[in-house]
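# Overview (structure and organization)
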Amino acid sequence: ILCVLALVPFARVETQEQRRPPVVSARGSVDVLLPPDRAILVLSLSVEGPDMVAITAGIDSAMARLASISERRKLTVIPWGGAYGENVAVRRMIVPGQIDVRTTRDFLGRNGLLIQVPDVAEANAVARELGAAGINGTINIMYFADESDPRLRAAHAAAVEIAHQRATAMAAALGGRLGDLMSVSTPAGAQSQGLQRLQVYDGMSQPMYPGEVLYRIEVSGTWAFTDR
């Protein structure tokens, strides 16, 4: 008797799972081009030297020059990471097979910074000024648009309609129709696809011009499936 009583609940759960109503899920996506209203420079400072003292001093020197530029242009500088240590790869490249030989590039320091530029049109000028000040490294210039723009709201509505149309077509192909909406979701925030890259090495840089920012709006929906 005990064995029978123990098996009954499992049988009921299995039956309930088998009777779950089928659903239809679909996704809609819409691309929107918007003019940028702000820019962020992602700067990775890079300094090589014979020891830790030299590379940290080089980073401090670059940071002092950056501070002068940021104060004059009213830029916001936010640190986002750093790395300091032996530059083994370069040592092996310079003196193959003799990694114990000391060079003037034995250590490498990197410092990551986010620089907020309030005026989008000034992003290129800021990048050029950093290069002219001898701040060498990699700069990624990222452009962003205002997420409260009504065109983004309209894109969400269009993506919902596309998802609904796809789900309706799939349900019809299966010989049924859509029932009640069970869930709808979209990624947090608009997904910006806009990214411009600039390499700064010798104090000179190629000019860049901000264009429109591409946002991909995605919406996923799930509906109950019913027979006709």
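Here, every reference points to the structure presented above.
The notes below deal with the structure included here.

What counts as what
- Residues numbered from 1 in each chain as written.
- Predicted model: local features only at pLDDT ≥ 70, side-chain atom pairs only at ≥ 80, totals over all residues.
- Heavy atoms only, no water.
- Patch = residues over 30% accessible without salt bridge, like charges linked within 9 Å, V, L, I, M, F, W, Y side chains within 5 Å.
- Areas by Shrake-Rupley, 256 points an atom, 1.4 Å probe, with all protein chains shown as cover.
- Salt bridge = Lys/Arg side-chain N within 4 Å of Asp/Glu carboxyl O.
- Helix = DSSP H or I, 4+ residues; strand = E, 2+ residues; numbered from the N terminus.
- Buried < 20%, exposed > 50% of the residue type's maximum accessible area, 1.4 Å probe, protein only.
- Core = buried A, V, L, I, M, F, W, Y, C linked by side-chain atoms within 4.5 Å.
- Contact = heavy atoms within 4.5 Å.
- Polar contact = N/O pair within 3.5 Å; in protein donor to acceptor, adjacent residues only side chain to side chain.
- Expected span 1.5 Å × (residues − 1).
- Arc of directions from axis to C-beta.

A cluster of nonpolar side chains, V160, L181 and V184, forms an exposed patch at the surface whose accessible area comes to about 250 Å². Within the element layout of this structure, V184 appears in strand β6 (residues 176–185).

Backbone geometry places K74, a non-glycine residue, at a positive phi of 60°. Looking at the element boundaries, K74 is found in the loop between α2 (52–73) and β3 (76–86). Given a relative accessible area of 67%, K74 falls into the exposed group.

We now examine the nonpolar core. Grouped together as the largest cluster of nonpolar side chains are 35 residues, with contacts concentrated most on L41, L43 and L130. The set of elements that each furnish at least two residues to this core consists of β1 (23–34), β2 (38–49), α2, β4 (107–117), α4 (123–132), β5 (137–144), α5 (150–173) and β9 (213–227). Aside from chain neighbours lying at most four places away, what touches L130 is L41, L43, L66, I69, I115, I135 and I139. Judged by nonpolar contacts, the second largest core, of eight residues, contains V24, A26, A163 and A167.

With respect to the element layout, Y215 can be found in strand β9. Residues Y215 and D31, 184 residues apart in the sequence, show an inter-C-alpha distance of 5.6 Å. A distance of 2.8 Å separates a polar atom in the side chain of Y215 from the backbone nitrogen of A145.

Turning next to α2. Over its 22 residues, α2 runs 31 Å from end to end, which matches the ideal 32 Å to within 8%, given 1.5 Å per residue. Buried residues of α2: I55, G58, I59, A62, L66, I69 and S70, and no others. One face of α2 carries all of its buried residues, which in axial projection span an arc of 110°. Across α2 from its buried face, at more than 90 degrees, point the exposed residues V53, D60, A64, E71 and R72. Check the buried side of α2 and you find it contacts β2, β3, β4 and α4.

Moving on, we get to the pattern of salt bridges. Counted by the stated rule, this structure contains seven salt bridges. Across the pair D31 and R216 runs a salt bridge, and its minimum N-O distance is 2.8 Å. Placement of the pair is D31 in strand β1 and R216 in strand β9, with a sequence separation of 185 residues. Of the residues examined, D31 reaches a relative accessible area of 40% and is grouped as partly exposed. Each member of the salt-bridge network shares a partner with another, and the members are R72, R73, E122 and E129.

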